[in-house]
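Spelled out, the chains give:
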Amino acid sequence: MHPLEHFCCQNKDCPDHGHRAKGNLYFRGWSGKNRRIRMVYCRTCKRSFSERKGTPLEGGRLPEDKAVALLAHLREGCGTRATSRLVHVDKNTVTRYVRLAGPHAQALHHEKVAFSPRDAGGPTR
Ligand SMILES: [Zn+2]
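Keep in mind that what you see is a predicted model, and the values were worked out from it rather than measured. Residue numbers restart at each chain and count upward from 1, following the sequence in its written direction. For a predicted model such as this one, the threshold for reporting local features is a pLDDT of at least 70, and the threshold for listing and counting side-chain atom pairs is 80 or more; totals across whole chains, interfaces and linings nevertheless cover every residue. Note that water and hydrogens are dropped before the side-chain values are worked out from all heavy atoms of the structure.

1. Brief notes about the coordination of the zinc ion
Stated formally: Any N, O or S atom lying within 2.8 Å of the metal counts as a donor, with the limit raised to 3.2 Å for Na, K and Ca; because water is left out of the atom set, some sites can appear incomplete. The geometry test gives tetrahedral to four donors whose angles all lie between 85 and 135 degrees, gives square planar to four donors and octahedral to six donors whose opposite members are over 155 degrees apart with all other angles between 65 and 115, and gives irregular to the rest. Only runs of H or I of at least four residues qualify as helices and only runs of E of at least two qualify as strands under DSSP, and these elements are numbered from the N terminus.
Around the zinc ion, the protein contributes the donor atoms Cys9 (SG), Cys14 (SG), Cys42 (SG) and Cys45 (SG), which lie 2.2 to 2.4 Å from the metal centre. In this structure, the zinc ion is coordinated by four donor atoms arranged in tetrahedral fashion, with angles at the metal of 102 to 117°. Look at where the donors of the zinc ion fall in the sequence and you get C-x4-C-x27-C-x2-C. Here the residue Cys9 occupies a position in the segment before strand E1 (25-31), and Cys45 occupies one in the loop between strand E2 (37-42) and strand E3 (47-50), the gap between them amounting to 36 residues.

See below:
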């Protein structure tokens, strides 16, 4: 579970799109099988989206712990085949997550380097 400050509005037409912790978001309701995925609602544009939207987990059919393990292996430099063997998932599933995670990791990287490390709330390095 991530705190609300980690989310930003996912509606590209919203003035608050991409801005975190602006006070425009709150959790409203649940979705998904077993209702384990929270819905995030944006006051600014009055849209709601799943907390997985914009993350590599969106649209992924694996349980979250498995998806997280899979991504962790990839991050540690395991190849597609090694990861599929270690996490016990199909190689094609790994490939799909590589595709999902790639652009996300890149976007996150751009976001991180775009800000000075002294920005409020950022980790001190
Ligand atoms: Zn919005």
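2. A closer look at the sheet that holds E3
We apply this condition: We call two strands paired when DSSP finds no fewer than two bridges between them. The axes used here are C-alpha line fits, helices contributing only the stretch in contact, and every angle between their N-to-C directions lies in the interval 0 to 180 degrees.
Read across the open sheet, the three strands follow the order E1-E2-E3; overall the sheet is antiparallel. Whereas interior strands pair on both sides, the edge strands pair on one side only; in this sheet they are E1 and E3. The average angle at which neighbouring strand axes cross in this sheet is 30°, direction not considered. Two elements, E1 and E2, share five bridges in a ladder whose sense is antiparallel.

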